Amino acid sequence: MLRTTVNDCKIIDIRKYTDNRGYLSVIEGGIDIPFEIKRIYYLYMVPEAARGAHAHKHLQQLLVATSGSVDITLDDGTNKKTFHLDRPWKGLLVVPGLWRDLDNFSGGTVLLCLASEHYETNDYIRDYDKFIKYRKG
Ligand code: TYD
């Protein structure tokens with residue numbers, strides 16, 4: 001049985017350096033986040049429709065709204081928790097085994113995702129009933 005829960009996920013403050021030239025934020029794999037970064041992808045020009053609606057078996061992620069804002073609802077099969085990302089220095093650490101729904105993208109949002117693994121279709125669970133069965137082992 002999977003033991004990860006929504007309470008294992010948290011918003012972290014991403015390091016930022018600021019001076020009269022503006023802000024610079026840094027994320028180093030294994031230093032600022034608890035995994036090495038194998039893949040980066042980002043969502044942008046998202047229309048009204050929601051995205052997400054899947055779970056990952058092993059993937060760990062850090063999600064950052066580098067521009068705009070978005071709501072991310074995580075679900076461990078028992079509890080749900082919604083996180084609002086709206087600053088480029090706020091990152092949501094998402095542990096494996098959780099269902100996620102992404103919605104309320106504001107206009108112009110860019111959602112950056114740092115991922116612990118390469119793209120692997122077998123790591124996805126896209127059916128909610130299968131997700132619940134997976135959680136129960
Ligand atoms: P999809 O997983 O459906 O997006 P969402 O996270 O919103 O559910 O991905 C959309 C398309 O992009 C799909 O055809 C697979 C492809 N894709 C890759 O090829 N590599 C990747 O790393 C990701 C995240 C998606």
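Attention in this report is confined to the structure presented alongside it.

For the rest of this paragraph, the subject is unusual backbone geometry. Positioned with a positive phi, M45 is a non-glycine residue whose angle comes to about 50°. Its location among the elements puts M45 in the loop between strand 4 (39-44) and strand 5 (51-56). In this model, N104 sits at a positive phi of 55°, which is unusual for a non-glycine residue.

A surface patch of nonpolar side chains, amounting to about 520 Å² of accessible area, comprises I40, Y42, Y44 and M45. Among the structural elements, Y44 can be located in strand 4.

One pass over the full model with this rule turns up six salt bridges. Between E28 and R15 there is a salt bridge, and its shortest N-O distance comes to 3.0 Å. With E28 in the loop between strand 3 (22-26) and strand 4 and R15 in strand 2 (residues 15-19), this residue pair connects regions lying 13 residues apart in the sequence. The salt bridge partner of D86 is R87, with a shortest N-O separation of 3.8 Å.

What follows is about the packing of aromatic side chains. Under the defined criterion, the tally for this structure stands at six aromatic pairs. Measuring from centroid to centroid gives 5.6 Å for W99 and F131, while their planes differ by 45°, and the two rings are tilted. Highlighted residues: W99 in strand 10 (residues 99-103) and F131 in helix 1 (residues 128-136), separated in sequence by 32 residues. What links up through ring pairs into an aromatic cluster is the set W99, Y128 and F131.

Checked against the element boundaries, H56 lands in strand 5. Within the local environment of H56, its side chain forms a polar contact with the side chain of D123, the two groups lying 3.1 Å apart. In contact with H56, not counting residues within four places along its chain, are Q61, P96, G97, L98, R100, D123 and Y124.

Taken in spatial order, the five strands make up an open sheet running 8-7-10-5-12, and their pairing is antiparallel. Each end of this open sheet is capped by a strand with a single partner; those strands are strand 8 (80-85) and strand 12 (124-125). As judged from the six bridges shared by strand 7 (residues 70-75) and strand 8, these two strands associate in the antiparallel manner. The partner of D75 across the bridge, within strand 8, is K80.

Thresholds, definitions, all that
Residues numbered from 1 in each chain as written. Predicted model: local features only at pLDDT ≥ 70, side-chain atom pairs only at ≥ 80, totals over all residues. Heavy atoms only, no water. Helix = DSSP H or I, 4+ residues; strand = E, 2+ residues; numbered from the N terminus. Patch = residues over 30% accessible without salt bridge, like charges linked within 9 Å, V, L, I, M, F, W, Y side chains within 5 Å. Areas by Shrake-Rupley, 256 points an atom, 1.4 Å probe, with all protein chains shown as cover. Salt bridge = Lys/Arg side-chain N within 4 Å of Asp/Glu carboxyl O. Phe/Tyr/Trp six-rings, centres within 6.5 Å; stacked < 30°, edge-to-face > 60°. Polar contact = N/O pair within 3.5 Å; in protein donor to acceptor, adjacent residues only side chain to side chain. Contact = heavy atoms within 4.5 Å. Pairing = 2+ DSSP bridges.

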